[in-house]
Amino acid sequence: MRKAPIAPDIPDEITFDLLDKTARASLRTLSKDNAEDVGRHLVMAGRLIDIDPERAYQHAQVAVARGGRVDICREAAALTAYATGRYADALREFRTVRRLNGSSEHLPLMADCERGLGRPERAIALAQEPEAKKLSAEASVELQIVIAGARMDMGNAEAALMTLARISTKDSQARVRISEAKVAVLRALDRNTEADELEATLPAEGADEPTWADEVYLYDTEELPEPVEYVAPVESAGEDDASVTPASGDANGADTMTVVADDESAGTHKDTNVPEEPKNV
């Protein structure tokens, strides 16, 4: 008997309502409490798959254990298994999803799983199935990129380059990925000059992505001025008297000045030469 997976913790703010309407509808075959529990694990799997795929996989496994006959649960298990490099598990789950809902939308990922398992010829065979012709334009492009990779795995770089050259798309991100694949193929063919020219046209990696480092200000403490020695307030007979004492420089206080003002209580002191402490370090 298969051991039940340990359920990872879920923050209280993660609720069933965060699932989209279609996903919630798919869980109606489960009891209300179980559907809400499974749904919350699916939300976590979706949120973590890009930043912590292993934890996303754990959440998906709990969803499958409690709702294994629901296609979106098996889909989450497939996607997270793929993200963690569990290609055999991912392929099995993708096949189950295909059987449950009749969709072949994950055919490109199935083909890539075959590549990951060292079976590029099976990846090419998947691309030749009738269902491959029914894929969306986006999925079709992805499948052709995978097939080019399979050709490379088989040592046929020329065929890989021909496959990539035949792909036509208006999607800018897909075109970048195609060009990146072409660079690798051209280098495999020892056509380095062409590869260099094509690579020079590609955007810098992460150039459009915001990074936490952009919001952090760094200070070199060696560049900060030395703090001025504190000067105690000078008692005065009058309420409005103020004395000005040079902190450094000549007797006239031509350099940095320390201003001391007295009031009825104990007096206030402000050192104009001490910089404010950085707010972000």
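Now for a look at the structure at hand.

Definitions and limits used
Residues numbered from 1 in each chain as written. Predicted model: local features only at pLDDT ≥ 70, side-chain atom pairs only at ≥ 80, totals over all residues. Heavy atoms only, no water. Salt bridge = Lys/Arg side-chain N within 4 Å of Asp/Glu carboxyl O. Helix = DSSP H or I, 4+ residues; strand = E, 2+ residues; numbered from the N terminus. Buried < 20%, exposed > 50% of the residue type's maximum accessible area, 1.4 Å probe, protein only. Expected span 1.5 Å × (residues − 1). Contact = heavy atoms within 4.5 Å. Core = buried A, V, L, I, M, F, W, Y, C linked by side-chain atoms within 4.5 Å.

What follows concerns the pattern of salt bridges. The tally for this structure, following the rule as stated, stands at 16 salt bridges. With a shortest N-O distance of 2.9 Å, K32 and E36 are connected by a salt bridge. With K32 and E36 both in helix 2 (residues 32-48) and four residues apart, this pair spans about one turn of that helix. Assessed through its relative accessible area of 59%, K32 is described here as exposed.

Moving on to helix 2. If you check helix 2, its first and last C-alpha atoms are 25 Å apart, about what 17 residues at 1.5 Å a residue would give, namely 24 Å. Here helix 2 has its buried residues at A35, V38, G39, H41, L42, V43, M44, A45 and L48. In this fold, the buried residues of helix 2 make contact with helix 3 (53-67) and helix 4 (71-83).

As for its position among the elements, E93 is in helix 5 (residues 87-101). Judged by its relative accessible area of 5%, E93 is buried.

Here we come to the nonpolar core. The biggest cluster of nonpolar side chains holds 23 residues, and the ones touching the most others in it are L19, L27, V38, L42 and C73. Where this core is concerned, the elements lending two or more residues are helix 2, helix 3 and helix 4. If one sorts the elements of this core by residue count, helix 2 sits on top with seven residues. With residues up to four places along the chain from it excluded, the contact list for V38 reads L27, L30, A63, R66, G67 and C73. Core analysis: the second largest hydrophobic core is formed by 21 residues, Y57, A78, M110 and C113 among them.

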